[in-house]
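Remarks on the overall topology
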Amino acid sequence: MELREIYSNIYQIDLGAVNCYLINEPHGLTLIDAGYARDKPDIIKAIRRLGKQPANIQQVILTHLHPDHAGGAAGLQQEFEGPVYAHAADATLIAEGICGRLSVQVTPGFINWCLHKAIVLLGPRSITPVGQIRLINDSEVLPILAGLEVIHTPGHSAGHVSLLAEHEQLLFAGDVLVNFGGLKPAPVYEDPAAGKASVKKLAARSFDLACFGHGKPITNANQRFSQIYSS
Ligand SMILES: [Zn+2]
Ligand SMILES: [Zn+2]
């Protein structure tokens, strides 16, 4: 596990296979995504390294239902009192412990085929069901930072959301795109056309730094989002 401050009081917790993000505010912590179930000790270690306790978590926001993002939510829920947020389209499955739809399309390329096999076909088929999910909707602004806006960005999954901290010019992009070996489409999409439309929807917004479920954050991100499907 590596903990990096990517913006004042905003941290990337690099769990190896996936990142989650921690926003440290005086009134409590917000965790964006929860890693795999196995990542709970590392997430707690990261929280303690900031001098905080897991009980200081105020809320967990899940970008989508996949096991590398939602798998750790049920375990962490035992440690704090507060909501786990997710979009309705994925929340119904997360509540049942279902962590993916089988009808995904693999993005062209050998590496994507390998990742699909490793992550989707050989990865966890279920997660511990998450109770008491609070639903979030497109355009909803959560009272986190100066306002954290939920942007529904379906495609990778039907209930995928991105989170925009406009004042900080910071976007939490989940798996809308990935940034390993360069910025590119995620290995799988339930609906590739919707995934492209979601990137365009984000590109129309204002942000500089974008953080991903996979790979390092990038700057000048808004412009790079607008270019990704232009060639
Ligand atoms: Zn995913
Ligand atoms: Zn992922």
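Predicted model, so just to flag it, every value in this text is computed and none were measured.

All right, on to empty space enclosed by the protein then. One pass over the full model with this rule turns up 1 cavity of 30 Å³ or more. Within this model, the largest cavity holds a volume of roughly 40 Å³. Together, N19, C20, Y21, I32, D33, T63, F172, A173, G174, C211, F212 and G213 line the largest cavity. Of all the elements, strand β3 (residues 19–25) adds the most residues to the lining of the largest cavity, at 3 residues.

Another point: the coordination of the zinc ion (ligand 1). Around the zinc ion (ligand 1), the protein contributes the donor atoms H64 (NE2), H66 (ND1), H156 (NE2) and D175 (OD), at 2.1 to 2.3 Å from the metal centre. Here the zinc ion (ligand 1) is ringed by 4 donor atoms whose angles at the metal span 91 to 174°, and the overall shape comes out irregular. All donors to the zinc ion (ligand 1) come from one chain, and their sequence spacing reads H-x1-H-x89-H-x18-D. A separation of 3.4 Å is found between the zinc ion (ligand 1) and the zinc ion (ligand 2), which share D175 as a coordinating residue. A single burial state applies to H64 and to H66, both of which are buried.

Moving on: the pattern of salt bridges. Within this structure, the stated rule accounts for 10 salt bridges. By sharing partners, the salt bridges in this structure join E2, R4 and D14 into a single network.

Moving on to the side chain of D90. Relative to the helices and strands, D90 is located in helix α4 (residues 88–94). There is a polar contact of 3.1 Å between the side chain of D90 and the side chain of R101. Among the polar contacts made by the side chain of D90, one reaches the main-chain amide nitrogen of G159 at a distance of 2.9 Å. Discounting chain neighbours no more than four positions away, the residues touching D90 are H64, L65, R101, S157, A158, G159 and H160.

Here we take up the coordination of the zinc ion (ligand 2). Within the protein, the zinc ion (ligand 2) binds to D68 (OD), H69 (NE2), D175 (OD) and H214 (NE2); these donor distances fall in the range 2.1 to 2.3 Å. Here the zinc ion (ligand 2) is ringed by 4 donor atoms whose angles at the metal span 87 to 157°, and the overall shape comes out irregular. One chain supplies every donor to the zinc ion (ligand 2), and in sequence these donors are spaced D-H-x105-D-x38-H. For D68, a relative accessible area of 5% puts it in the buried group. On the basis of relative accessible area, D175 is assigned to the buried category, the value being 3%.

Conventions used here
- Residues numbered from 1 in each chain as written.
- Chains lettered and ligands numbered in written order.
- Predicted model: local features only at pLDDT ≥ 70, side-chain atom pairs only at ≥ 80, totals over all residues.
- Heavy atoms only, no water.
- 1 Å grid on protein atoms, 1.4 Å probe; cavity = no way out; pocket = protein on both sides within 12 Å on 5 of 7 lines; lining within 4 Å.
- Points joined across faces, edges and corners; volume = space filled by probe spheres on them.
- Helix = DSSP H or I, 4+ residues; strand = E, 2+ residues; numbered from the N terminus.
- Donors = N, O, S within 2.8 Å, 3.2 Å for Na, K, Ca; no water.
- Tetrahedral: all angles 85-135°; square planar, octahedral: opposite > 155°, others 65-115°.
- Buried < 20%, exposed > 50% of the residue type's maximum accessible area, 1.4 Å probe, protein only.
- Salt bridge = Lys/Arg side-chain N within 4 Å of Asp/Glu carboxyl O.
- Polar contact = N/O pair within 3.5 Å; in protein donor to acceptor, adjacent residues only side chain to side chain.
- Contact = heavy atoms within 4.5 Å.

So far we have only geometry, and geometry alone does not tell us how the molecule works.
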